[in-house]
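# Secondary and tertiary structure notes
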Amino acid sequence: MRLRLAALAGATTVLVAATEIPSPSSGDAANGARLYQACMGCHSIEENDIGPSHRGVVGRSAGTVPGYAYSPAIKGSGLVWTPANLDKWLTDPQVLVPGTKMYFSVSDPRERADIIAFLASQK
Amino acid sequence: MTHNPYSNPPHSTTPILDRRAALSCMGWLGAGTLFTFSGGIASVMGTGAAEAATGHAPISFVQISDTHVGFSKPANPDPVATLRETIAHVRALPRTPDFIVHTGDVTHLATPEQFDHARQLLAELPAPTFFIPGEHDLAGGSDPRPFLTAFGKETRGDGWFSFDLHGVHVIGLVNVVRLGDHGQGTLGRDQLDWLKADLAGLSASTPIVLIAHFPLWGLYPEWGWGTSDAAEAFGYLARFGSVTALNGHIHQIQRHLEGKVQFHTARSTAYPQPAPGQGPGPGPLALPAEQLRSAIGYSSAEVRHAPSPLAITDATLA
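On a predicted model such as this, the values are computed, not experimentally measured, just so you know. (Residues numbered from 1 in each chain as written. Chains lettered and ligands numbered in written order. Predicted model: local features only at pLDDT ≥ 70, side-chain atom pairs only at ≥ 80, totals over all residues. Heavy atoms only, no water.)

Right, let's get into the overall build of chain B. When you go through chain B residue by residue, the secondary structure sums to seven helices and 13 strands. Expressed as a percentage of its 318 residues, the buried residues of chain B come to 59%. Once local pairs closer than 6 in sequence are excluded, the contacts in chain B between residues at least 24 apart make up 75%. (Helix = DSSP H or I, 4+ residues; strand = E, 2+ residues; numbered from the N terminus. Buried < 20%, exposed > 50% of the residue type's maximum accessible area, 1.4 Å probe, protein only. Contact = heavy atoms within 4.5 Å.)

As a further point, take helix 3 (residues 79-91) of chain B. Here helix 3 of chain B contains 13 residues, and its C-alpha end-to-end distance of 18 Å stays within 8% of the 18 Å for a straight helix at 1.5 Å per residue. Listed in full, the buried residues belonging to helix 3 of chain B are Pro79(B), Val80(B), Thr82(B), Leu83(B), Thr86(B), Ile87(B), His89(B) and Val90(B). (Expected span 1.5 Å × (residues − 1).)

Inspection of the entire model under this criterion finds ten salt bridges over all chains. The closest approach of N and O atoms between Arg293(B) and Glu85(B), which form a salt bridge, is 2.6 Å. Residue Arg293(B) is found in the loop between strand 11 (261-265) and strand 12 (298-304), and its partner Glu85(B) is found in helix 3; the two are separated by 208 residues along the sequence. Overlapping salt bridges, with partners in common, bring together Glu47(A), Asp49(A) and Lys73(B) in one network. (Salt bridge = Lys/Arg side-chain N within 4 Å of Asp/Glu carboxyl O.)

What follows concerns the side chain of Asp105(B). Residues and elements named next belong to chain B. Note that Asp105 resides in the loop between strand 4 (99-102) and helix 4 (112-122). Within the buried core, Asp105 has no salt-bridge partner, and the shortest N-O distance to an opposite charge, that of Lys73, equals 12 Å. Not counting chain neighbours up to four residues away, the residues in contact with Asp105 comprise Asp66, Thr67, His68, Pro133, Gly134, Glu135, His136, Asp137, His213 and His249. (Lys, Arg positive; Asp, Glu negative; His and termini not counted.)

Residue and element names in this part refer to chain A. In this model, helix 6 (residues 109-121) (13 residues) spans 19 Å end to end at C-alpha, consistent with the 18 Å of a helix rising 1.5 Å per residue. Those residues of helix 6 not exposed but buried are Glu111, Arg112, Ala113, Asp114, Ile115, Ile116, Ala117, Phe118 and Leu119. Those residues of helix 6 hidden inside the fold are in contact with helix 2 (29-35) and helix 4 (83-91).

So, on to the layout of surface pockets. Summary: where empty space remains is shown by rolling a probe the size of a single water molecule over the atoms. Estimates place the volume of the second largest pocket at around 610 Å³. As for the second largest pocket, its lining consists of 35 residues, of which Met40(A), Ser44(A), Pro282(B), Gly283(B) and Pro284(B) are closest to the centre. Looking at side-chain class alone, the lining of the second largest pocket contains 18 nonpolar, twelve polar and five charged residues. (1 Å grid on protein atoms, 1.4 Å probe; cavity = no way out; pocket = protein on both sides within 12 Å on 5 of 7 lines; lining within 4 Å. Points joined across faces, edges and corners; volume = space filled by probe spheres on them. Nonpolar A, V, L, I, M, F, W, Y, C, P; charged D, E, K, R; others polar.)

A separate point is the interface of chain A and chain B. How big an interface is tends to be expressed through the accessible area that disappears when the partners come together. Counting residues at the interface gives 17 residues for chain A and 22 residues for chain B. Both sides together, the interface formed by chain A and chain B hides about 1600 Å², and carbon and sulfur atoms give 50% of it. Put simply, chain A and chain B have two salt bridges between them. Asp49(A) is the partner of Lys73(B) in a salt bridge, and the nearest nitrogen-oxygen pair spans 2.9 Å. Our enumeration of links across chain A and chain B arrives at eight residue pairs in polar contact (both at pLDDT 80 or more). Here the side of chain A that touches chain B is composed, by residue class, of seven nonpolar, six polar and four charged. (Buried area = accessible area lost by both parts, 1.4 Å probe. Polar contact = N/O pair within 3.5 Å; in protein donor to acceptor, adjacent residues only side chain to side chain.)

Our next topic: the environment of Trp217(B). Residue and element names in this part refer to chain B. Looking at where Trp217 falls in the secondary structure, it is placed in the loop between strand 8 (208-212) and helix 7 (230-236). The sequence separation of Trp217 and Leu257 amounts to 40 residues, and the corresponding C-alpha distance is 9.7 Å. Residues contacting Trp217, with those up to four places away along its chain left out, are Trp225, Gly226, Thr227, Asn247, Gln254, His256, Glu258, Phe263 and Thr265.

This part covers the nonpolar core. Counting residues in hydrophobic clusters, the biggest one holds 46 residues, and the most contacted among them are Tyr36(A), Ile74(A), Trp81(A), Trp89(A), Leu90(A), Phe61(B) and Phe99(B). Mapped onto this core, the elements with two or more residues apiece are helix 4 and helix 6 of chain A together with strand 3 (59-64), strand 4, strand 6 (161-165), strand 7 (168-172), strand 8 and strand 12 of chain B. By residue number, the principal contributor to this core is helix 6 of chain A, which donates four residues. Counting 27 residues, the second-largest nonpolar core is a separate cluster that includes Trp160(B), Trp194(B), Leu195(B) and Trp225(B). (Core = buried A, V, L, I, M, F, W, Y, C linked by side-chain atoms within 4.5 Å.)

This part takes up the packing of aromatic side chains. Residue and element names in this part refer to chain B. In total, this model carries 19 aromatic pairs over all chains according to the counting rule given. Pairing Phe115 with Phe147 gives two aromatic rings, centres 6.2 Å apart and planes at 65°, and the pair type is edge-to-face. Here Phe115 is found in helix 4, whereas its partner Phe147 is found in helix 5 (residues 145-151), with 32 residues between them in sequence. With respect to burial, Phe115 and Phe147 carry one shared label: buried. For the ring pair Phe115 and Phe151, a centre distance of 6.1 Å and an interplane angle of 65° mean the geometry is edge-to-face. (Phe/Tyr/Trp six-rings, centres within 6.5 Å; stacked < 30°, edge-to-face > 60°.)

Let us look at the pairing of strand 7 of chain B. Residues and elements named next belong to chain B. In terms of residue burial, strand 7 counts as a mostly covered element, since five of its five residues are buried. The side-chain alternation of strand 7 yields two buried faces, one formed by Val168, Val170 and Gly172 and the other by His169 and Ile171. Here five bridges tie strand 6 to strand 7, and the two strands are oriented antiparallel to one another. Bridge pairing in strand 7 links Ser162 to Ile171. Hairpin connection between strand 6 and strand 7: a loop of two residues separates the two successive antiparallel strands, and His166 in this loop has a positive phi of roughly 50°. (Pairing = 2+ DSSP bridges.)

Residues and elements named next belong to chain B. Unlike most non-glycine residues, Asp66 shows phi in positive territory, near 50°. Of note, Asp66 is situated in the loop between strand 3 and helix 3. One non-glycine residue, Ala110, adopts positive backbone phi at about 55°. Structurally, Ala110 is set in the loop between strand 4 and helix 4. Taking relative accessible area as the criterion, Ala110 reaches 8% and is therefore assigned buried.

In structure tokens:
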């Protein structure tokens, strides 16, 4: 009986988690720092590489880091990197800005929120 | 018979080197990795013994990886110089390799100038060279076509290919064009279908050598060091008695054995990266200048057809 209850409790937890949609601005920056390691094949906080540097990205206009060779698509996007736009970007950058160089996506809304929270802390 | 300082009794995994032989080979052993295969599984048998046992002449090949032409940061301010050193080592091998594979990140940022420069440099390699792209070789973030124009004219799809040499089947796979979760590589439906068809007519005793850029096993998925749909590919390969999968991308030696599949990751010729999970994340690892050449290099392989165990020896440019 205890096992059945435990299983039920687990199912309830999953159901609640599945129905919560995390706000892009409500993430866990510490977990975001861990998740950001997957971004570091192309990006870093301080230096341009395959992707532009990320220091101060939250609130910045897209396509404006000096010295980075942006695609015409991102330069002409007119986007500002608000948490909401970063959430769309990380969901599927090619949908938000067709033709951008970025092709890395994060399927889990919670993980996106955590990464955005980490980026917001890198002012 | 080619001089082989690694001549060893069959079934031994540890090369026997006398001091003179060891010293005589350090010039090139010190520059890379020696791994020999037999039946696609490595062998350290003498050349004549392997050939007599199987009727196949052994073949040898070299793997270079992650040359990053165009890179210039403290981890290696001059990767062109270390690539030239690597090429000199390959040219000085006691036996010219039958072919060479480059497992991607030929350039750092996939510009036309970097492709041209890399082509000029790599033209000095002493054998036909087969390339697959790394993610650094994709123009505009995801377009392999300029890379394929420079380095993969006779490939299919995003650059995959296969060929047979002396009974060994070599397959180049591209897993960098569409990323999976956490930035892991993917092979994709079209390539998996091609692979299935490519393998269909082969005997299960055919030694298979796979090359790819991202690791084909889940080395460290949190850093994207894996290929999310590789399991399907290895399902198609399950009937083969000998499968060796070589990759680059992570700039260090890592080995993994999974069933009959031997995975091996090569060093870069340009700069090292941290061990999986160590430090803030993946990226160029700046060592004291005098230590750089101890952390970069290349690999050379000898494919034999007699049953014997795998023996891999790793070394560096130092």
